[in-house]
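Topology and contacts: notes
Each chain is listed here by its residues.
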Amino acid sequence: MTVARRKFDAVIVGAGGGGMRAALQLSEAGLKVAVLSKVFPTRSHTVAAQGGIAAALGNVTEDNWHWHMYDTVKGSDYLGDQDAIEFMCRQASEVVYELEHYGMPFDRLENGKIYQRPFGGQSQNFGGAQATRSCAVADRTGHAMLHTLYQRNVRANTQFFVEWMGLDLIRDEHGDVLGVSALDIETGEVMILQARATLFATGGGARIFSASTNAFINTGDGLAMAARAGVPLQDMEFWQFHPTGVYGVGILISEAVRGEGGYLLNKDGERFMERYAPHAKDLASRDVVSRAMTTEIKEGRACGRDADHLLLKLDHLGEDVIKARLPGIREIAIKFAHADPVREPIPVVPTAHYMMGGIPTNFHGQVVAPYKTGPEEVVQGFYAVGECACVSVHGANRLGTNSLLDILVFGRAAGNQIIEDLKRNTHHKHLPGDAADKALARLARLDSQKDGENVAQVGDMLRKTMQAHCGVFRFADLLKQGVDKISEVAERVKNTEIRDKSRVFNTARVEALELDNLAEVAVATMVSAQARKESRGAHARDDFPHRDDDKWLKHTLYFSEDRRLDYKPVRLKPLTVESFPPKARTY
Amino acid sequence: MKFSIYRFDPDKDEKPYMQDYEITLEPADRMLLDALIRIKTVDDSLSLRRSCREGVCGSDAMNINGRNGLACITPVKGLREPVELRPLPGLPVIRDLIVDMTQFFKQYHSIKPYLINDDPPPETERLQSPEERAELDGLYECILCACCSTACPSFWWNPDKYVGPAGLLQAYRFLADSRDQATAERLDYLEDPYRLFRCHSIMNCTDVCPKGLNPMEAISQIKTMMTKRTI
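Residues numbered from 1 in each chain as written. Chains lettered and ligands numbered in written order. Predicted model: local features only at pLDDT ≥ 70, side-chain atom pairs only at ≥ 80, totals over all residues. Heavy atoms only, no water.

This brings us to the domain arrangement of chain A. Residue and element names in this part refer to chain A. For chain A, the domain assignment lists domain 1 (241-351) and domain 2 (437-553). Here domain 1 and domain 2 have C-alpha centroids that lie 29 Å from each other. Approximately 630 Å² of surface area, both sides summed, lies buried where domain 1 meets domain 2, with 71% of it carried by carbon and sulfur atoms. For the interface between domain 1 and domain 2, the tally reads 0 salt bridges. Summed over the shared surface of domain 1 and domain 2, the result is 1 residue pair in polar contact (both at pLDDT 80 or more). Among the elements that take part in the side of domain 1 that touches domain 2, helix α8 (residues 286-298) stands out by supplying 6 residues, more than any other. Taken together, the residues of the side of domain 1 that touches domain 2 break down into 2 nonpolar, 3 polar and 3 charged. (Domains from an automatic or database assignment. Buried area = accessible area lost by both parts, 1.4 Å probe. Salt bridge = Lys/Arg side-chain N within 4 Å of Asp/Glu carboxyl O. Polar contact = N/O pair within 3.5 Å; in protein donor to acceptor, adjacent residues only side chain to side chain. Helix = DSSP H or I, 4+ residues; strand = E, 2+ residues; numbered from the N terminus. Nonpolar A, V, L, I, M, F, W, Y, C, P; charged D, E, K, R; others polar.)

Between chain A and chain B, the contact holds 65 residues from the first and 62 residues from the second. For the pairing of chain A and chain B, the buried interface totals around 5,100 Å² over both sides, and the portion due to carbon and sulfur atoms is 51%. Here chain A and chain B share 8 salt bridges between them. Arg133(B) serves as the salt-bridge partner of Asp107(A), at 3.2 Å between the closest nitrogen and oxygen. Linking chain A with chain B are 40 residue pairs in polar contact (both at pLDDT 80 or more), by the criterion used here. Elements that contribute at least two residues to the side of chain A that touches chain B include exactly α3 (82-102), α4 (141-155), α10 (327-337) and α15 (507-531) of chain A. Counted by class, the side of chain A that touches chain B contains 29 nonpolar, 19 polar and 17 charged residues. (Contact = heavy atoms within 4.5 Å.)

All names here are of chain A. Pairing between strand β23 (residues 554-559) and strand β24 (residues 564-569): 6 bridges, direction antiparallel. Bridge pairing in β24 links Lys-554 to Pro-569. In sequence, β23 turns back onto β24 through a hairpin of 4 residues, with Arg-563 there showing a positive phi of about 55°. (Pairing = 2+ DSSP bridges.)

Think of a sheet as strands paired side by side through backbone hydrogen bonds, with each pair either parallel or antiparallel. Across the sheet, 3 strands lie side by side as β3-β5-β4 (chain A); this open sheet has antiparallel pairing. Strand pairing shows two members of the sheet lacking a second neighbour, β3 (53-54) and β4 (116-117) of chain A, which therefore form its edges.

Moving on, we get to the UniProt feature "domain: FAD-dependent oxidoreductase 2 FAD-binding" (unreviewed entry) in chain A. The sites that UniProt annotates as "domain: FAD-dependent oxidoreductase 2 FAD-binding" (unreviewed entry) are residues 9-404 of chain A. End C-alpha to end C-alpha, residues 9-404 of chain A measures 26 Å, and it is 28% helix and 23% strand. (UniProt positions renumbered as here; feature names shortened; annotations may be inferred.)

This next bit is on the packing of aromatic side chains. Following the criterion strictly, the structure yields 16 aromatic pairs over all chains and no others. Aromatic side chains Phe200(A) and Phe382(A) sit 5.0 Å apart centroid to centroid with 90° between the ring planes, which places their arrangement in the edge-to-face category. Within this pair, whereas Phe200(A) is found in strand β9 (residues 189-200), its partner Phe382(A) is found in strand β17 (residues 377-384), the two being separated by 182 residues in sequence. Residue Phe200(A) shares its accessibility class with Phe382(A), and that shared class is buried. Of the aromatic side chains, those joined through ring pairs into one cluster are Phe40(A), Tyr150(A), Phe160(A), Phe104(B) and Phe105(B). Between Arg564(A) and the ring centre of Phe559(A), over which it is positioned, the NZ or CZ distance is 4.0 Å. (Phe/Tyr/Trp six-rings, centres within 6.5 Å; stacked < 30°, edge-to-face > 60°. Buried < 20%, exposed > 50% of the residue type's maximum accessible area, 1.4 Å probe, protein only. Lys NZ or Arg CZ within 6 Å of the ring centre and 35° of its normal.)

Another aspect to go through is the sheet that holds strand β1 (residues 2-7) of chain B. Residue and element names in this part refer to chain B. Here we have 5 strands laid out as an open sheet, ordered β2-β1-β5-β3-β4, and mixed in their pairing. Of all strands in the sheet, those with a lone pairing partner are β2 (17-22) and β4 (67-70), marking the two edges. Pairs of neighbouring strands in the sheet enclose a mean axial angle of 30°, with direction left out of account. Pairing analysis gives 6 bridges linking β1 to β2, with the strands arranged antiparallel. Directly across from Ile-5, in β2, lies its bridge partner Gln-19. Sheet strands touched by helix α1 (residues 32-42): β1, β2, β3 (61-64) and β5 (83-86). Its angle to β1, the strand with the most contacts, is close to 75°. (Axes fitted to C-alpha atoms, helices over the stretch in contact; angles between N-to-C directions.)

This is the structure in structure tokens:
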């Protein structure tokens, strides 16, 4: 079957902060770029980021990028690559100022400079006093940033393909990437978008869990496309559980609440974080706080009839501060928890939030994989940034407000790298005749499937399995059973059936395709988690409670085809400064 | 709970119709969007947009019992039954509850929704006092859901000529920004019998905004700026 094709200099899949920052770089350089997005760009999940962007501007307390680097390395539990972390922290101030120049409506200090607030894991002087590093627009920083980047792209005349879904990555016999096949959701047509550079900025996939802060669209599409095309996925066992999702609903309550002075209470009204992290208390790293909360729940000190959640108290901040700095949080708490935080605490529980793993890249945004000569060979023509990528700046645990920074820094870096690479690669490579066959076969299977399974039911089973077997604390027997169970679910995913066969805006079809992608991500997660026999960052094993640098100071690589695992060393050597060697991590 | 939902699939339907559904809600189904997702597990052909499910992405705007709103932040309890759901009024329907928003975004783009400042940027941030920044509150928070513009009779009649409340709210967001230098250019563009002056102060926009913003007030601010510069 022949499929329509269009040629571009570059194709970007995903129009969140990372995709749009890269697009801006390319459009302003005069390249012909197509940006695909399942949703209108301002509806991408960056919009839901609340607390801020980390950058050592030093507007409130003395600060510098080197301290930020130290905090990020420590926060990553030493699994982060120190070259990439130095690169990110050094550029942080510049990309934030740039965003301000684009029109970002940052909150301001009395002297007119950008407002900053403290966040977890931020310190002065390599582990000293709390730093104040997160640049904020109230508690709507992601919203303001996404709109600002969209607006700037409007000015740059970037071409968006709105409500298009990437189906598969196209590679030739050398493994070079030539573009993607994609579905126009509105018309149901499949098209090949051929490009000299293909950038994935498809975001996260925390929808593999039942309790998730993520939007419905966060289904790991980019990871699954990469995995199906033979690209490994890195460090998939590391998922961040955010300490404060609204109990029973999952919606995020920003760490900014604790940054502004809020704290957690158990059923006895005890500020229990003082026991777990005497120095940083409620502003310890997220993995530390989520584990403490889960322990409180397990040991019977949690709140409510079922003793299954904790309370986030902030009324002592006063109505003025809450209304000025945390208005979105107040709105969410009133609507979803029926609690006005001006008067009463918010019921919260650790909730799946962020994927530290992803498509392996270097700090130029180039995808790297083992091929012939080493574990980090560049996959020609392929780039990835943001949550779908694993640079790795977050290692085993991401610090709050480093994610918005990540997408700005590496969105821009990937854009610049593509501009350079395209100067050399001036021609489109030959497109194989069967470029869209796999994608078309998946669509044809869905259209003709009879007596198949219901997409929603299988999806529910997938999420429940991940939630029960791969949560905040992980147990050997649960992981072992989990691998079998999730493999069964992945088999069932191959036989889903949709009753809606319409060509026009068929959301049932989109959800079935998304479930294919969720299954890839879920299996990669469970297999990688079962294999890592230590506790590091967000991966906390009951049977191996300590970090084991001798055996496990290394990145996991998961290959979808045969579910094989491989490992590669952590890049401990920064670009210009001394390395931060692994040491005990306390807050 | 009973629902009556607008259905139209151009692939098979000659014309739109209303379809009745009756479902049993679970305790976790708090918002209208939860109920719609439950209906969708029974009938996967029901089509709607949704993403963040917390009222910040602006995907699931629809007409709920005659009033525009976001399904994800509309509590399902207390809605009059059968809950009548229709696509946002005044825009072409693509399918079921999904409308074609091309015209809406064209108007948004027409007002140059980006900061214009031709001075070379300083090495650090441009300074802005907290008071100047406060001028942007109630403006920058817009989520482009289109509840306001599609509740506005002037926009229904002239979607190609009248910018509409959402676009005008953003026009004022940049007029009010102390860092923006294009005030004259922006006002020139809006000084037109349609673009701005089709607003007849009906106030539907402010009445329906799910984020509690006030496009009506922004429009009158623009009108005041225009009057001031003529004297």
